[in-house]
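# Chain and residue survey
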Amino acid sequence: MEAYQVKLYQSQIQALEDPHIKHVYERFVVREKEHRDFITQQLENLGVGINLAGPSFTLAGIVSGKTLDLLSLKDRYKLGIAVEHKAVQMYHEFIEMTRHDPELSELNKKLAYFMVDEEQHEFWFKEHLTRLEHV
Ligand SMILES: [Fe+2]
Ligand SMILES: [Fe+2]
């Protein structure tokens, strides 16, 4: 999921025209990389190896690859909302799973911070979609 978000935003930067929006996407990529690397590290600590370059890391059912170049800004924002909403739900579940174990309190807090990041991403897309729709 996090690897997908990194790719999703990275692959759109080229096609964006507005410098401010470019910066937003670049900043999102930094955050998503932070999430991805942390989760990868956690999985490695548990002895679970994952291949980030693998084909399974394009999220099934959601746009991938070349199609992204053809998207309108509105569609980019709608896609962003859908993906970020999924990420928020995912963190919500992880947070619930780690809530009652005192040994996992640090992890629980980290997951909560990441969920806040995803919420901010979702809100940003929602706000900017609304602005586009009222032009
Ligand atoms: Fe993320
Ligand atoms: Fe995100």
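Residues numbered from 1 in each chain as written. Chains lettered and ligands numbered in written order. Predicted model: local features only at pLDDT ≥ 70, side-chain atom pairs only at ≥ 80, totals over all residues. Heavy atoms only, no water.

If you check an unreviewed UniProt entry, the protein appears there as Bacterioferritin from Desulfotruncus arcticus DSM 17038.

## Concerning the coordination of the iron ion (ligand 1)
Rule in force here: Each metal site is built from N, O and S donor atoms within 2.8 Å (3.2 Å for Na, K and Ca), and since water is not included, such sites may look incomplete. A helix here means a DSSP run of H or I that spans at least four residues, while a strand means a run of E at least two residues long, and both kinds are numbered starting from the N terminus. Three exposure classes are used, based on accessible area relative to the maximum for each residue type with a 1.4 Å probe and protein chains only: buried under 20%, partly exposed in between, and exposed over 50%.
Surrounding the iron ion (ligand 1) are the protein donor atoms Glu2 (OE), Glu2 (OE), Glu32 (OE), His35 (ND1) and Glu118 (OE), at 1.9 to 2.6 Å. All donors of the iron ion (ligand 1) belong to a single chain; written as a sequence motif, their spacing is E-x29-E-x2-H-x82-E. Between the iron ion (ligand 1) and the iron ion (ligand 2), the interatomic distance is 3.8 Å, and glutamate 32 donates to each metal, bridging them. With glutamate 32 and histidine 35 both in helix 2 (residues 19-45), this residue pair falls three residues apart, about one helical turn. In this pair, the class of glutamate 32 matches that of histidine 35, namely buried.

## Remarks on the coordination of the iron ion (ligand 2)
Which entries qualify depends on this criterion: Labels for metal geometry use angle windows, namely 85 to 135 degrees for all angles of a four-donor tetrahedral site, and for square planar (four donors) or octahedral (six donors) sites opposite donors over 155 degrees apart plus all others within 65 to 115; sites meeting none of these are irregular.
Protein coordination at the iron ion (ligand 2) comes from Gln5 (OE1), Glu32 (OE), Glu84 (OE), Glu84 (OE), Glu118 (OE) and His121 (ND1), with a distance range of 1.9 to 2.5 Å. The coordination sphere of the iron ion (ligand 2) comprises six donor atoms, whose angles at the metal cover 56 to 163°; the geometry is irregular. Read in sequence order, the donor residues coordinating the iron ion (ligand 2) give the pattern Q-x26-E-x51-E-x33-E-x2-H.

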